[in-house]
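A closer look at the structure
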Amino acid sequence: MDMGRIVIRFYEFLLRRFAPIYYARRIGVNLGNGCRLLNVSFSTEPYLVTLGDHVSATATRFETHDGGVWVLRDKMPDIDVVRRVRVGNNVFFGYGTIVLPGVTIGDNVVVGAGSVVTKDIPSNTIAAGCPARPIKSLAEYEEGGAANSHNTKNLN
């Protein structure tokens, strides 16, 4: 690898780490306002990913292609499976979530840590698992969360 390519990769690493919103927009992700991206990665077609307003993701991977067609390349050298990923507004992805191609996630959704999202998730839903499945409504989550919460957000 030549020195120029090393410098470019290092610059992209720094952007991804310290200016993730700028980096995501720079590579073509359609990104809403008020998002928080921590160690998020995008597939080789980031322009196919749309994230709405107020999306939070940590160590999340957004995939837009199915690499499994590799095993068919000898028979079908031009085969590819590429699909969009759409995420609505006010969505939280727990640590280590993977979102697979063709998935649409509605508004007001929480996806549990370590989940693999293989199918659409409707609005106002809490989903978790591998594969991710709806486990409760947002109203149920709010009801249970309020009973177990502590108001520490603005403490120093």
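Details of the structure are given in the entry above.
Just so you know, these numbers come straight off a predicted model, no measurement behind them.

1. A short note on the overall build of the protein chain
A tally of helices and strands in the protein chain yields three helices and 14 strands. Dimensions of the protein chain, computed from C-alpha atoms along their principal axes, come out at roughly 55 × 40 × 20 Å. Counting all 156 residues of the protein chain, 34% fall into the buried class. In the protein chain, 21% of the contacts between residues at least 6 apart in sequence involve partners at least 24 apart.

2. Considerations on the nonpolar core
One finds F42, L51, F62, V87, F93 and I105 to be the most contacted residues of the largest nonpolar core, which totals 25 residues. Going through the elements one at a time, β4 (49–51), β5 (55–58), β7 (85–87), β8 (91–93) and β11 (109–111) are the ones with two or more residues in this core. Apart from residues lying up to four places away in sequence, V87 is in contact with T50, L51, G52, V55, F62, F93 and I105.

3. Remarks on helix α1 (residues 3–18)
With 16 residues, α1 extends 22 Å from end C-alpha to end C-alpha; this agrees with the ideal 22 Å at 1.5 Å per step. N-cap assignment for α1: the residue whose side-chain oxygen lies 3.0 Å from the backbone N of G4 is D2.

4. Considering the pairing of β5
The sheet contact formed by strand β2 (residues 36–38) and β5 spans three bridges and is parallel. From the neighbouring strand, R36 faces β5, where its bridge partner is S56. With three bridges joining them, β5 and β8 adopt parallel strand pairing. Bridge pairing links S56 to F92 in β8.

5. Observations concerning the sheet that holds β4
A sheet is described by the order of its strands in space; here four strands give the open sequence β1-β4-β7-β10, paired in parallel fashion. The sheet is open, and its two edges are formed by β1 (30–31) and β10 (104–105), each paired on a single side. Pairing between β4 and β7: three bridges, direction parallel. Of the residues in β7, the one forming a bridge with T50 is R86.

6. Description of unusual backbone geometry
Cis rather than trans, the peptide bond between C130 and P131 has omega equal to 5 degrees. Note on placement: P131 falls in the loop between β13 (125–129) and β14 (132–137). In the Ramachandran plot, A59 falls in the positive-phi region, its phi being about 50 degrees despite a non-glycine side chain. Note on placement: A59 falls in the loop between β5 and β6 (61–62). A relative accessible area of 18% places A59 in the buried class. Of note in the backbone geometry, N124 takes a positive phi value of approximately 60 degrees without being a glycine.

7. Topic: a nonpolar patch on the surface
On the surface, a nonpolar cluster with roughly 450 Å² of combined accessible area is contributed by W70, V71, L72 and M76. By the element assignment, W70 lies in the loop between β6 and β7.

8. Side note on the pairing of β14
Of the pairings in the sheet, the one linking β13 to β14 comprises five bridges and is antiparallel in character. Looking at β14, one finds that A127 is bridged to P134. In this antiparallel pair of consecutive strands, β13 and β14, the connection spans two residues.

9. Brief notes about the sheet that holds strand β3 (residues 41–42)
The strand order across the open sheet formed by four strands is β3-β6-β9-β12, and the pairing between neighbours is parallel. Each end of this open sheet is capped by a strand with a single partner; those strands are β3 and β12 (116–117).

Reading the values: the criteria
- Residues numbered from 1 in each chain as written.
- Predicted model: local features only at pLDDT ≥ 70, side-chain atom pairs only at ≥ 80, totals over all residues.
- Heavy atoms only, no water.
- Helix = DSSP H or I, 4+ residues; strand = E, 2+ residues; numbered from the N terminus.
- Buried < 20%, exposed > 50% of the residue type's maximum accessible area, 1.4 Å probe, protein only.
- Contact = heavy atoms within 4.5 Å.
- Core = buried A, V, L, I, M, F, W, Y, C linked by side-chain atoms within 4.5 Å.
- Expected span 1.5 Å × (residues − 1).
- Polar contact = N/O pair within 3.5 Å; in protein donor to acceptor, adjacent residues only side chain to side chain.
- Pairing = 2+ DSSP bridges.
- Patch = residues over 30% accessible without salt bridge, like charges linked within 9 Å, V, L, I, M, F, W, Y side chains within 5 Å.
- Areas by Shrake-Rupley, 256 points an atom, 1.4 Å probe, with all protein chains shown as cover.
- Salt bridge = Lys/Arg side-chain N within 4 Å of Asp/Glu carboxyl O.

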